[in-house]
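Secondary and tertiary structure notes
The chain contents come next:
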Amino acid sequence: MVLLPRGNPVKENVNPGKINLPAALEKLQIGKFSGYLRFDFAEETGVIIFENGRLISALFEGSSQRLIAYDAIATIFEISLEGNGRLNVYRLAPSLALSVHALLHGDLLYKGQELKLIDIKSLLGRLKVMAMSGCLRIYTSDRVALIFYRDGSPLGFFHDGSTDIETTADNSLSVARMPGAKVDVLTTKGAGEGMLADLMKSADVTALWNKAQGELARRSRTVEEETLRVRSVREKDRRQNLLAVLTAVSVKHLGKIGGSMVEKEFEKSLSGALDEASLMVFYDRLSKAAKLVAGASKINSMLDEMKKGAKGILEEG
Amino acid sequence: MDLSFLQVVLWLIAGLVSFYFSIGNARVWTSISVGFFLILFGELLPHALPFLPGTGVPQVEAMGYIIGTISILVMSHGFQEYYVFSRTLELEGNKVYVYLTTLGVVGASLVFILINPEPSEETLRAIRIVGNTNWVFLSLINIDLIRKIYLNVKDSPISKGFLAFMIVFICIFLWKGSELYIQVYSLDLPSVMDAFPLRYQISQVTSMIGNLFASLSVGGTFLYLAKLLR
């Protein structure tokens, strides 16, 4: 789970599977967008960060994997196409976008510390002594605030709804005061504007998108084939069960020639779909053949028994 | 002891039962039951001659024998059809075609008799020998065919009916076989009869009893089949 304040929302709760993501990224590029796209999936999160129209960072984080750059973009595309994700786009100031990028790719020093259980003054003192650059992430279940530090000195705050690093601590403090608030301490290595490449220039996101679409289609085909195979096996079993029941009843009433009659008429009348209509044709034909070896009352009682057995099997399907 | 009248009555019953059976049952039974029904004419016509307007007309007597021959051919065809059905479970055709074809063959035979010279005693004897020969050999073939049918339908409701048919054809074989024996060796000629009285007596009795039991077994078999196919 990637914990980030929401920033200034541009689009919220969009299904990323229903939009052409390369085209959307291109629009953001042309529009010199700064901010981030957050993809929330069932168990994973993806973040794509733009700074002045440059796609500077991509991160995909799941419970057991963490991907960055092209791999992250490709995976975000693949999972988005499954259609169960949610996309939120937040605008940020370019400098904040860079800070967020640095934060996401930084190291986690402390994680999930209960705020009320730690000596915050002592912690801040340590950060100063260490001349640490990074941030404190203070969060609850639904709110997040970041306090950036550079060389051990506080730089500013980033909380839900803000687009730039702010100097007032009100919102961040309000998160810190909330019951159950926790804090993470993250260090950053620092990422200057000039150091970051534009991933959209160095990678063909349309090709990644097409590949993801191809992969999804292949998976769909595999699932479809498997579904068909399972259905076919089930249908075959059902057919064999029905034939076994009909044959047993026929042998009981007409002897072994009855079994042969059932097999023959089954092949003729029930080689297609197993439904009521084809069964009626089967009964009719079997009844005509059976008249050569048995009387009407015997045939009728046989058919009644067959219909009961067949009904049970058809209902199973 | 002359059992002619009793035989005629029994064949009349057997013929009517078999014809009635042909109407109410599956197509494959039509040839068999129509064949047995035709025996009625084969038997009735020659025996009824003294009481009918056509008394002494050789063509009528010849037709009686020919219809008798047609009857064994038709019923043998029926058993063949049943055998094929019991092996392949395939059955084609239509009842009406069976009736019409049989009528057509009878009609063609009548035309054949009418366009030829009046049958002499020798001709009638030859026709009877041809008829009995057919009966004897086809009875043997039918017994074997019915045995095979029985094995194919062994545990079906109808199976015991085929055992009854085997008995029918054994009776018919004895009846027609002894008649053929008399005819082939001319045992019915007084000079031969005097020379071999025992053979003639045995053959006559066998023929009479075979005829009687054949008529009884035919009627009984069809009644039994009707019960089985109820």
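Attention shifts here to the overall build of chain B. When helices and strands are counted, chain B shows 8 helices and 0 strands. Secondary structure elements of chain B, listed N to C terminal, follow the sequence α-α-α-α-α-α-α-α. Along the first, second and third principal axes, the C-alpha set of chain B runs to 55 × 40 × 25 Å. Buried residues in chain B amount to 51% of all 230 residues. For chain B, the exposed area adds up to about 11,300 Å²; of that, 70% sits on carbon and sulfur atoms.

The next point concerns the nonpolar core. The biggest cluster of nonpolar side chains holds 66 residues, and the ones touching the most others in it are Trp29(B), Phe36(B), Tyr82(B) and Phe162(B). With 8 residues, the top contributor of residues to this core is helix H6 (residues 159–184) of chain B. In contact with Trp29(B), not counting residues within four places along its chain, are Lys291(A), Leu292(A), Phe21(B), Tyr82(B), Ile158(B), Phe162(B), Phe165(B), Leu225(B) and Leu229(B). With 27 residues, the next largest nonpolar core counts Phe41(A), Ala58(A), Ile79(A) and Met200(A) among its residues.

As a further point, take the domain arrangement of chain A. Examined at the domain level, chain A breaks down into domain 1 (1–106 + 199–203), domain 2 (107–187) and domain 3 (228–316). The straight-line distance from the C-alpha centre of domain 1 of chain A to that of domain 3 of chain A is 60 Å.

This paragraph deals with the packing of helix H2 (residues 69–81) of chain A against helix H7 (residues 205–254) of chain A. Residue and element names in this part refer to chain A. The interhelical angle for the contact between H2 and H7, taken along N-to-C directions, is 45 degrees, at an axis separation of 9 Å. In terms of orientation, H2 and H7 fall into the oblique class. The handedness of the crossing between H2 and H7 comes out as right-handed. Across from Tyr70, Ile73, Ala74, Phe77, Glu78 and Leu81 in H2, the residues of H7 making contact are Val205, Leu208, Trp209, Ala212, Gln213, Glu215, Leu216 and Arg219. Along the lines of polarity and charge, the residues of the contact of H2 with H7 split into 10 nonpolar, 1 polar and 3 charged.

This next bit is on the pattern of salt bridges. Any two side chains of opposite charge can pair, given that their charged atoms come close. Residues and elements named next belong to chain A. This model, assessed by the stated rule, comprises 19 salt bridges over all chains. A salt bridge links Arg54 to Glu51; the nearest nitrogen and oxygen atoms lie 2.9 Å apart. Residues Glu215 and Arg219 are paired through a salt bridge, measuring 3.8 Å at the closest nitrogen-oxygen approach. Placement of the pair is Glu215 and Arg219 together in helix H7, with a separation of 4 residues, close to one helical turn. A network of salt bridges, in which partner residues are shared, links Glu82, Glu215, Arg218 and Arg219.

Let us look at the sheet that holds strand S5 (residues 66–68) of chain A. All names here are of chain A. Ordered in space as S1-S6-S2-S3-S4-S5, the 6 strands form an open sheet in which the pairing is antiparallel. At either end of the open sheet lies a strand with only one pairing partner, and these are strand S1 (8–14) and S5. Direction aside, neighbouring strands of the sheet carry axes that sit 10 degrees apart on average. Bridging between strand S4 (residues 54–61) and S5 involves 3 bridges; their strand directions are antiparallel.

Turning our attention to the interface of chain B and chain A. Facing 20 residues of chain B, the contacting portion of chain A comprises 18 residues. Our enumeration of links across chain B and chain A arrives at 2 salt bridges. Seen at the junction of chain B and chain A, the total is 7 residue pairs in polar contact (both at pLDDT 80 or more). Listing elements by their share of the side of chain B that touches chain A, those giving two or more residues are helix H2 (28–48), helix H3 (58–88) and helix H5 (121–152) of chain B. Classifying every residue of the side of chain B that touches chain A by side-chain character gives 13 nonpolar, 4 polar and 3 charged.

In this section: a nonpolar patch on the surface. All names here are of chain B. A grouping of Val96, Tyr97, Leu100 and Leu103 is seen on the molecular surface, where their side chains present a nonpolar patch of about 450 Å² in accessible area. Among the structural elements, Tyr97 can be located in helix H4 (residues 95–115). Note on Tyr97: relative accessible area 55%, which makes it exposed.

All names here are of chain A. Pairing is antiparallel across the open sheet formed by 5 strands, whose spatial order is S7-S11-S8-S9-S10. Two strands in the sheet have a free side with no partner beyond their single neighbour: strand S7 (107–114) and strand S10 (153–159). Across the sheet, the mean angle from the axis of one strand to that of its neighbour is 15 degrees, orientation sign disregarded. As paired strands, strand S8 (residues 134–139) and strand S9 (residues 144–150) are joined by 6 bridges and run antiparallel to one another. Residue pairing across strands places Arg137 opposite Leu146, the latter belonging to S9.

To characterise two packed helices, one gives the angle between the axes of the helices and the distance between these axes. Residues and elements named next belong to chain B. Running from amino to carboxyl end, H3 crosses H5 at an angle of 15 degrees, the nearest separation of the two axes being 9 Å. The angle between the axes of H3 and H5 places the two elements in the roughly parallel class. Read as a crossing pair, H3 and H5 show a hand that is left-handed. For the contact of H3 with H5, the residue count by class is 17 nonpolar, 10 polar and 4 charged.

What follows deals with unusual backbone geometry. Glycine aside, negative phi is the norm for most residues, and most peptide bonds take the trans geometry. Positive phi is not limited to glycine here, since Ala131(A) has a value of about 55 degrees. Mapping Ala131(A) onto the fold places it in the loop between helix H4 (120–130) and S8. Overall, the relative accessible area of 39% leaves Ala131(A) in the partly exposed class. In this structure, Ser186(B) takes a positive phi of about 50 degrees despite not being glycine. Relative to the elements of secondary structure, Ser186(B) occurs in the loop between H6 and helix H7 (190–195).

Once that is clear, we can look at the environment of Ile127(B). Residue and element names in this part refer to chain B. Structurally, the position occupied by Ile127 is in helix H5. For Ile127, a relative accessible area of 18% corresponds to the buried category. Separated by 101 residues in the primary sequence, Ile127 and Ala26 place their C-alpha atoms 33 Å from one another.

So, how was this worked out
Residues numbered from 1 in each chain as written. Chains lettered and ligands numbered in written order. Predicted model: local features only at pLDDT ≥ 70, side-chain atom pairs only at ≥ 80, totals over all residues. Heavy atoms only, no water. Helix = DSSP H or I, 4+ residues; strand = E, 2+ residues; numbered from the N terminus. Buried < 20%, exposed > 50% of the residue type's maximum accessible area, 1.4 Å probe, protein only. Areas by Shrake-Rupley, 256 points an atom, 1.4 Å probe, with all protein chains shown as cover. Core = buried A, V, L, I, M, F, W, Y, C linked by side-chain atoms within 4.5 Å. Contact = heavy atoms within 4.5 Å. Domains from an automatic or database assignment. Axes fitted to C-alpha atoms, helices over the stretch in contact; angles between N-to-C directions. Parallel < 35°, antiparallel > 145°, perpendicular 65-115°, else oblique. Left-handed = near helix turned anticlockwise from the far one by under 90°. Nonpolar A, V, L, I, M, F, W, Y, C, P; charged D, E, K, R; others polar. Salt bridge = Lys/Arg side-chain N within 4 Å of Asp/Glu carboxyl O. Pairing = 2+ DSSP bridges. Polar contact = N/O pair within 3.5 Å; in protein donor to acceptor, adjacent residues only side chain to side chain. Patch = residues over 30% accessible without salt bridge, like charges linked within 9 Å, V, L, I, M, F, W, Y side chains within 5 Å.

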